[in-house]
Amino acid sequence: MDRMTSNRAWRNGRPGSGAGLFSRKGLIRRALRYGGMLVILCAAVLVAGFLIFADSVTSMRPPETVKADAIVVLTGGYQRIEQAIDLLRRGYGERLLISGVNPQTTPGQIRKATRTSPEIFECCVDIGYGAIDTIGNANETAIWTRDKGYRSVLVVTSNYHLARSLMELRRSDPDTDFIGYPVVNSDLKTRAWYSEPDAMRTMLAEYGKTVIAYIRGVTGWSRDQGLRPEGEITESGRAS
C-alpha cells in the first residue's frame with residue numbers, strides 16, 4: 001500500500017504536494033493552457049488584421065487632385081508604368097523614376113511597350129536598375145530624391161502593394177513626403193474577390209509581407225538593402 005501511494009505521489013510531483021507537474025493545476029498543464037490561449041489570441045489578431053487590410057486595399061481610390069515634386073513607380077507590370085507616365089504628362093510631377101527595372105530591359109523597350117514618345121523619356125524619365133525588392137525600391141528612391149532635392153513624391157504601385165511600399169519608403173527617407181497613388185488591380189475590383197484563388201493568394205501573401213515589414217520597424221530588425229551590387233550594372237544600366 002505504501003509503495004502504491006509513493007508511485008502516485010511520484011507521478012504527481014513531490015509527495016503530499018497535490019499539484020504535480022501533470023496534475024490539473026500543475027506547471028506543464030498551466031503552460032499548455034496559457035500557451036494555447038496565446039496561440040488563439042494571436043490567430044484572432046492576425047485574422048482581424050487581414051480583414052482590416054483587405055478592406056483598406058479594396059476601398060483604395062486614387063486621389064482626384066494631387067501634385068508633387070516628382071513621381072516614382074515601383075515596377076511589377078506595365079499597367080503601373082503607363083499610369084505613372086500619364087501622371088507625368090498631366091503635370092502631377094516634374095520627373096519620373098521607374099524603380100526596380102530588370103537590368104536586361106532597355107529604356108527603348110519600356111517606351112515602346114507603354115507607347116510613350118522619345119521626348120518624354122529623354123527629358124523627364126529616369127530608369128532605376130538597382131532594386132531587387134520593395135526594400136530596394138525604397139532605398140533606390142531615397143537616393144534619387146536626395147540627389148534631386150525633391151521634398152514630395154507621388155508613389156504609383158498596385159493597391160495591395162501600396163501600404164508596405166509607403167512603410168518602407170518612409171523608413172528609408174523620413175524627410176520626404178510620400179503620397180500614395182494606387183493602381184487598382186483588376187482581380188480586386190469585384191466585391192467577391194475572396195472567392196478568386198489567385199486574388200486571395202495575392203492578398204494573403206502581401207498581408208504576410210506587410211506584417212513582417214511592420215515587425216521589422218517595431219523591433220529594429222534590419223536586413224539587406226535590397227540593391228544589386230554596383231558591379232552587376234554597367235554604365236548603360238544593363239547587366240554586365
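Residues numbered from 1 in each chain as written. Predicted model: local features only at pLDDT ≥ 70, side-chain atom pairs only at ≥ 80, totals over all residues. Heavy atoms only, no water.

Give me the overall build of the chain: which residues, what numbers.
Scanning the chain for helices and strands turns up 8 helices and 5 strands. Listed N to C, the secondary structure of the chain is α-α-β-α-β-α-α-β-α-β-α-β-α in terms of helices and strands. Going through the 240 residues of the chain one by one, you find that 38% of them count as buried. Summing over all exposed atoms, the chain offers an accessible surface of approximately 14,400 Å²; the carbon and sulfur share of this is 55%. (Helix = DSSP H or I, 4+ residues; strand = E, 2+ residues; numbered from the N terminus. Buried < 20%, exposed > 50% of the residue type's maximum accessible area, 1.4 Å probe, protein only. Areas by Shrake-Rupley, 256 points an atom, 1.4 Å probe, with all protein chains shown as cover.)

Hey, could you go over unusual backbone geometry for me, with residue numbers and the actual values?
Positive phi, close to 55°, is recorded for arginine 115, a residue that is not glycine. Examined against the element boundaries, arginine 115 turns out to sit in the loop between α4 (107-113) and α5 (118-124).

Pulling in residues and values, what's your account of the confidence of the model for the chain?
Here the chain averages 83 in pLDDT, while 82% of its residues score no lower than 70. Low confidence marks residues 15-19, where pLDDT is under 50. Its contacts with residues over four positions away, or in another chain, come to 5 contacts. Within the model, the stretch residues 235-240 combines pLDDT values under 50 with 16 contacts to residues more than four positions away or in other chains. (pLDDT = per-residue confidence, 0-100. Contact = heavy atoms within 4.5 Å.)

Could you give me a rundown of the sheet that holds strand β5 (residues 177-183), with the residues and numbers involved?
Reading across from one edge, β3-β2-β1-β4-β5 is the order of the 5 strands in this open sheet, with parallel pairing throughout. Two strands lie at the open edges of the sheet, namely β3 (125-128) and β5, each paired on one side alone. Each neighbouring strand pair of the sheet contributes to a mean axis angle of 20°, computed without reference to strand direction. In the packing of helix α6 (residues 134-148) onto the sheet, contacts are made with β1 (70-74), β2 (96-99), β3, β4 (152-158) and β5, and the angle to β2 comes to roughly 155°. Helix α7 (residues 159-172) contacts β1, β4 and β5 of the sheet and is inclined by roughly 145° relative to β4. (Pairing = 2+ DSSP bridges. Axes fitted to C-alpha atoms, helices over the stretch in contact; angles between N-to-C directions.)

Lay out a nonpolar patch on the surface with the relevant residues and their values.
On the surface, Leu38, Leu41 and Val45 cluster together into a nonpolar patch covering about 300 Å² of accessible area. Its location among the elements puts leucine 41 in helix α2 (residues 27-58). (Patch = residues over 30% accessible without salt bridge, like charges linked within 9 Å, V, L, I, M, F, W, Y side chains within 5 Å. Salt bridge = Lys/Arg side-chain N within 4 Å of Asp/Glu carboxyl O.)

Which residues make up the environment of glycine 130, and what values do they have?
Structurally, the position occupied by glycine 130 is in the loop between β3 and α6. C-alpha separation for the pair glycine 130 and proline 103, spaced 27 residues apart in sequence, amounts to 8.2 Å.

Tell me what's going on with the pattern of salt bridges, and back it up with residues and numbers.
According to the stated counting rule, one finds 7 salt bridges in the structure shown. Residue glutamate 168 is joined to arginine 216 by a salt bridge in which the shortest nitrogen-to-oxygen separation is 2.7 Å. Of this pair, glutamate 168 sits in helix α7 while arginine 216 is found in helix α8 (residues 197-219), placing the two residues 48 residues apart along the sequence. Note on glutamate 168: relative accessible area 4%, which makes it buried. Exposure remark for arginine 216: the relative accessible area of 10% places this residue in the buried category. Between aspartate 198 and arginine 201 there is a salt bridge, and its shortest N-O distance comes to 2.3 Å.

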